[in-house]
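Architecture and fold: a report
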Amino acid sequence: MPRLRTVVLTVNYFTIGSDHAKSVQPWRQFFLRQYFGLPTELTANRLLDWGFWLNPSNFSKIALYGDLTKTYIASDYRAPVDIIASQSGWFDGGDVPTDPSNKFGITAVEAHNASTDTKLYDRNLGYWETLIPFLQRKKINIAIVLLPTDISCYSKLNKAKVALMNNKLSAFANKHHIKFIDYTGDPRFSANDFTWEMPDHMNAQGAMKFSKILDKDVVVAK
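Source: prediction; values computed, not measured.

**Focus: the overall build of the protein**
Check the secondary structure of the protein and you find 10 helices and 3 strands. Walking the protein from its N terminus toward its C terminus, one meets helices and strands in the order β-α-α-α-α-α-α-α-β-α-α-β-α. A fraction of 74% describes how many contacts in the protein between residues 6 or more apart in sequence connect residues 24 or more apart. As displayed, the protein has an accessible area near 14,000 Å², and 60% of this comes from carbon and sulfur atoms.

What follows is the structure, given as structure tokens:
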């Protein structure tokens, strides 16, 4: 990307306080290792670690499906690996607004509140400590952005954990002299901008709106 001028680093309440290896979807780390070259941790934190080298998920694409490998083989890999997907196998956010009677989003918020570990905030931010100076040396502008969520999610997040997260992000941005913008409770977004399954995920309409906001707030105003 020789003409890259701006990088937007997105963050949200769930990911900044999560550890892939210990999450409810630990298989994600192996996909990231194989397709993006992001390393998984050695299980015993030493080079000669048989738990790491004997785990086929680190190397085999078939083994990426874990305990459900046989199930997926039997269905010719037509079943979705992750939660709700369309018949094409892709998640379809569409333009369907949030359904207030649907409790899936509320259940997800409760799970996020329980699993978000504030002790991981510094560790996860630390992964950017090499990326940001690298970009700055190349004169590339950087912004850290907290993504929008529907009020049904935002209002039920653990307020103490959210406050600590915002303080950490602000301090980190100030340290590196980069912009930090929090869009979580932005009044320009409504239930019509989020998917009915997960009100912390924008649908196509919300994504288009947010893209225009980012263009104005970050790209043009760099």
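We are not done yet, so read on.
**As for helix α2 (residues 28–36)**
Regarding α2, the residues found buried are Q29, F30 and Q34. One side of α2 carries all its buried residues, which in axial view fall inside an arc of 125°. Directly after α2, the chain includes G37, whose backbone phi takes a positive value near 75°.

**Topic: the nonpolar core**
If you look at the biggest cluster of nonpolar residues, it comprises 23 residues, and the most contacted ones within it are W128, I144, M165 and L169. Those elements that place two or more of their residues in this core are β1 (6–11), α1 (13–16), α6 (121–126), α7 (131–137), β2 (141–146) and α9 (159–176). Here this core gets 5 residues from one element, more than from any other, and that element is α9. What L169 contacts, discounting residues up to four positions off in sequence, is V11, I16, L125, I144, L146 and F180. Counting 10 residues, the second-largest nonpolar core is a separate cluster that includes V145, I181, F189 and F210.

**Focus: the sheet that holds β2**
An order of β1-β2-β3 is seen for the 3 strands of this open sheet, with the pairing classed as parallel. What marks the edges here is a single partner per strand, and that holds for β1 and β3 (179–182). Mean inter-strand twist for the sheet, computed between neighbouring axes without regard to direction, equals 20°. As defined by bridge partners, β1 adjoins β2 across 6 bridges and the pair is classed as parallel.

**A look at the pattern of salt bridges**
Enumeration according to the criterion identifies 6 salt bridges in this entry. The shortest N-O distance in the salt bridge between K168 and D122 comes to 3.0 Å. Here K168 is found in helix α9, whereas its partner D122 is found in helix α6, with 46 residues between them in sequence. What makes K168 partly exposed here is its relative accessible area of 26%. Given the relative accessible area of 46%, D122 is considered partly exposed. For the salt bridge of D193 with K209, the shortest nitrogen-to-oxygen distance reads 2.9 Å.

**Notes on the environment of F30**
Take F30: it is sitting in helix α2. Residue classification places F30 among the buried residues on the basis of a relative accessible area of 13%. Separated by 28 residues in the primary sequence, F30 and N58 have C-alpha atoms spaced 5.7 Å apart.

**Digging into the packing of aromatic side chains**
Summed over all chains, the structure comprises 8 aromatic pairs. With centroids separated by 6.3 Å and ring planes inclined at 20°, the aromatic side chains of F31 and Y35 adopt a geometry described as stacked. Placement of the pair is F31 and Y35 together in helix α2, with a separation of 4 residues, close to one helical turn. Ring geometry for F189 against F194: centres 6.3 Å apart, planes inclined by 55°, an arrangement best described as tilted. In this pair, the class of F189 matches that of F194, namely buried. Here the aromatic residues Y183, F189, F194 and F210 are joined through ring pairs into a cluster of three or more.

Cut-off values and rules
- Residues numbered from 1 in each chain as written.
- Predicted model: local features only at pLDDT ≥ 70, side-chain atom pairs only at ≥ 80, totals over all residues.
- Heavy atoms only, no water.
- Helix = DSSP H or I, 4+ residues; strand = E, 2+ residues; numbered from the N terminus.
- Contact = heavy atoms within 4.5 Å.
- Areas by Shrake-Rupley, 256 points an atom, 1.4 Å probe, with all protein chains shown as cover.
- Buried < 20%, exposed > 50% of the residue type's maximum accessible area, 1.4 Å probe, protein only.
- Arc of directions from axis to C-beta.
- Core = buried A, V, L, I, M, F, W, Y, C linked by side-chain atoms within 4.5 Å.
- Pairing = 2+ DSSP bridges.
- Axes fitted to C-alpha atoms, helices over the stretch in contact; angles between N-to-C directions.
- Salt bridge = Lys/Arg side-chain N within 4 Å of Asp/Glu carboxyl O.
- Phe/Tyr/Trp six-rings, centres within 6.5 Å; stacked < 30°, edge-to-face > 60°.

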